[in-house]
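Fold and contact review
One letter stands for each residue in the lines below.
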Amino acid sequence: MFASTRPAVRRRALAVAGTAAALALTLTACGSSNDGSSSMPGMDHGAKSSASASAKATPSMGDIPGMDHMADGNGLSDNKDGYRLTSKDTTLAAGKQAAYRFTVNGPDGKPATDFAVDQTKRMHFYAIRSDLTGFQHIHPIMAADGTWTADLDTLAPGAWRMFASFTPDSGAGKGTAFVLSRTVSVLGPETKTPLPAAAKTAEVDGYTVTVKGEPMAGMAHPMTVTVTKDGKPVTDLQPYLDTYAHLTAFHEGDTAFAHLHPTTKVNGDLGGPELSFHAELPTWGNWRLFLQFQTGGKLHTAALTLNVG
C-alpha cells in the first residue's frame, strides 16, 4: 500500500513546488521595472512600485527635459571611461573670489574641446563644502586650448569638492553625460556648520518653497515643488536652463552628487507655482537640496534637508 502511494505523493509534491516557483517568478516580474531607471545618474536600481504604477507616476524618459543626457555615477571620481578631470589647483584662498582652472582630458590624454549643449550650457560646474554649505552653480568659460575657468564666489576655509558636468560632442564619449569631481582645500581655520534638520519647506528672498514626495533610497520617485510668496501661489517663474527650476542634491558625509531632473516642460515665458521632478537618490540618509529659480531677472537659491529612508 505504501509503495503504491509514493508516486502519487511525489507527483503532488512536484505540483506544489512548481506552483510556488511560478508564483515566485510572477511576483519577481511584478516587482521589476523596465522604465530605464538603471541608466539614471548615480542610480543602479529599479522603480519603487510595479511597472504599471511607475508608468502612471513617472513620465517616460523621452518626455523629461534633459533625460537623454543624464550622467551615470555619483560624481565622486575624477575619471570615467577614459575621461579625466584635471587641475593644478589643489588649494584656494579663503575669504575672496577665486578662479578655479581645469581641463577635461579625453581618452587620448589631450584636453577635450568639443562639448554638447545641455540645458543651454556646455559645462555645468558645482562647488560644495564638505558640510554641504557654500553651494555654487557656475557656467565656466573655456579657452581655445580646452582650459576652463570657473569664477568662484567667496569660499569659507575647509574641504571643498568641485564637480564638472558635461557631455562630449565628439570622440569616444560623444553623447555620453559625465559628472566628475576633484577636491580642493581652502586654507584657513575651518568652522563646520551643522546640517539643518530635515524639513519640507525653505525660505529664500521672501519666497517659500515646499517639497512634496517621499523618495526611497535606490528607487525612482516623483517629487513636486511648490513656490509661494506671502501665502499666494507664484506664477511668474521665468525659464532658467530650459526649465522653470533647477534642482541639485548632495549627500551628507561623502558629498555624492545627484541631479533631480524636471518633468515640467517650459510652456511660455512664465510658470509655476507647482513644479514636478524625477527624483532618484541612490543611498539613504540626509541629502541637501538646492532649488534654483528665477523671477524678475533675479536668480534665487533655496536649500533644505531631505531625509531619505
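Residues numbered from 1 in each chain as written. Predicted model: local features only at pLDDT ≥ 70, side-chain atom pairs only at ≥ 80, totals over all residues. Heavy atoms only, no water.

This part is about the overall build of the protein chain. For the protein chain, the count of helices and strands is two helices and 19 strands. Relative to its full complement of 309 residues, the protein chain shows a buried share of 43%. For the protein chain, restricting intrachain contacts to residue pairs at least 6 apart in sequence, the fraction spanning at least 24 positions comes to 66%. Accessible surface, the protein chain as shown: approximately 15000 Å² in total, 54% of it carbon and sulfur. (Helix = DSSP H or I, 4+ residues; strand = E, 2+ residues; numbered from the N terminus. Buried < 20%, exposed > 50% of the residue type's maximum accessible area, 1.4 Å probe, protein only. Contact = heavy atoms within 4.5 Å. Areas by Shrake-Rupley, 256 points an atom, 1.4 Å probe, with all protein chains shown as cover.)

Moving on, we come to the nonpolar core. In summary, soluble globular proteins display a tendency toward joint burial of nonpolar side chains. With 29 residues, the main nonpolar core has Met-223, Leu-260, Leu-281, Trp-287, Leu-289, Leu-291 and Phe-293 as its most contacted residues. Elements with a contribution of two residues or more to this core: strand S11 (201-204), strand S12 (207-212), strand S13 (220-229), strand S15 (246-251), strand S16 (257-262), strand S17 (274-280), strand S18 (285-295) and strand S19 (298-308). Once residues lying within four places of it in the same chain are set aside, the contact partners of Leu-260 are Met-223, Leu-247, Ala-249, Phe-277, His-278, Ala-279 and Leu-281. (Core = buried A, V, L, I, M, F, W, Y, C linked by side-chain atoms within 4.5 Å.)

Right, let's get into the sheet that holds strand S9 (residues 158-166). Strand order in the open sheet formed by five strands is S3-S10-S9-S5-S6, and the pairing between neighbours is mixed. Whereas interior strands pair on both sides, the edge strands pair on one side only; in this sheet they are strand S3 (91-92) and strand S6 (136-138). Of the strand pairs in this sheet, S9 and strand S10 (residues 178-186) are connected by nine bridges, and their pairing is antiparallel. Counterpart to Trp-160 in the pairing with S10 is Val-184. (Pairing = 2+ DSSP bridges.)

Before going further, it helps to examine the pairing of S11. Burial along S11 is one-sided: Ala-202 and Val-204 are buried, and none of Thr-201 and Glu-203, which face the opposite way, are. Where S11 folds back onto S12 in an antiparallel hairpin, the turn is made up of two residues, including Asp-205, whose phi is positive at roughly 50 degrees.

Attention now goes to the confidence of the model for the protein chain. In the predicted model, the protein chain carries a mean pLDDT of 82, and the fraction of residues at 70 or more is 77%. Counted against residues more than four places away or in other chains, residues 1-70, with its pLDDT under 50, gives 83 contacts. (pLDDT = per-residue confidence, 0-100.)

Okay, the packing of aromatic side chains next. In this structure the tally under the stated criterion is 17 aromatic pairs. Pairwise contacts between aromatic rings join Tyr-83, Tyr-100, Phe-102, Phe-115, Phe-125, Trp-148, Phe-166 and Phe-178 into one cluster. Between Lys-229 and the ring centre of Tyr-207, over which it is positioned, the NZ or CZ distance is 4.6 Å. (Phe/Tyr/Trp six-rings, centres within 6.5 Å; stacked < 30°, edge-to-face > 60°. Lys NZ or Arg CZ within 6 Å of the ring centre and 35° of its normal.)

Here the focus is the pattern of salt bridges. Under the defined criterion, the tally for this structure stands at four salt bridges. Of the charged contacts in the structure, one is a salt bridge between Arg-182 and Asp-78, with a shortest N-O distance of 3.5 Å. Taken together, the positions of Arg-182 in strand S10 and Asp-78 in the loop between helix H2 (51-57) and strand S1 (79-80) put the pair 104 residues apart, joining distant regions of the chain. Of the residues examined, Arg-182 reaches a relative accessible area of 23% and is grouped as partly exposed. Of the charged contacts in the structure, one is a salt bridge between Asp-131 and Arg-129, with a shortest N-O distance of 2.5 Å. As far as the burial class goes, Asp-131 and Arg-129 line up, both buried. Taken together, the shared-partner salt bridges connect Asp-78, Arg-84 and Arg-182 into one network. (Salt bridge = Lys/Arg side-chain N within 4 Å of Asp/Glu carboxyl O.)

Below, the discussion takes up unusual backbone geometry. Gly-272 connects to Pro-273 through a cis peptide bond whose omega is 0 degrees. Even without being a glycine, Asp-242 presents a positive backbone phi close to 70 degrees. Among the secondary structure elements, Asp-242 is positioned in the loop between strand S14 (232-233) and S15. Here the phi dihedral of Thr-255 falls at roughly 60 degrees; this positive angle occurs in a residue that is not glycine. Following the sequence through the fold, Thr-255 ends up in the loop between S15 and S16.

Note on placement: Val-209 falls in strand S12. Taking the C-alpha atoms as reference points, Val-209 and Val-225, 16 residues apart in sequence, are found 6.7 Å from one another. Aside from chain neighbours lying at most four places away, what touches Val-209 is Lys-200, Thr-201, Ala-202, Val-225, Thr-226, Val-227, Leu-291, Phe-293 and Ala-302.

On to the pairing of S15, then. With six of six residues buried, S15 lies mostly within the body of the structure. Burial of the side chains of S15 extends over both faces: His-246, Thr-248 and Phe-250 are buried on one face and Leu-247, Ala-249 and His-251 on the other. Relative to S18, S15 runs antiparallel, the two being bridged by six bridges. Each residue of the ladder has a partner; that of His-246, found in S18, is Gln-292.

Attention shifts here to the sheet that holds strand S7 (residues 141-142). Taken in spatial order, the five strands of this open sheet run S1-S2-S4-S8-S7, and their pairing is antiparallel. Only two strands of the sheet have a single partner each, and these edge strands are S1 and S7. Of the pairings in the sheet, the one linking strand S4 (residues 98-105) to strand S8 (residues 148-152) comprises five bridges and is antiparallel in character. Bridging across to S8, Arg-101 finds its partner in Thr-149.

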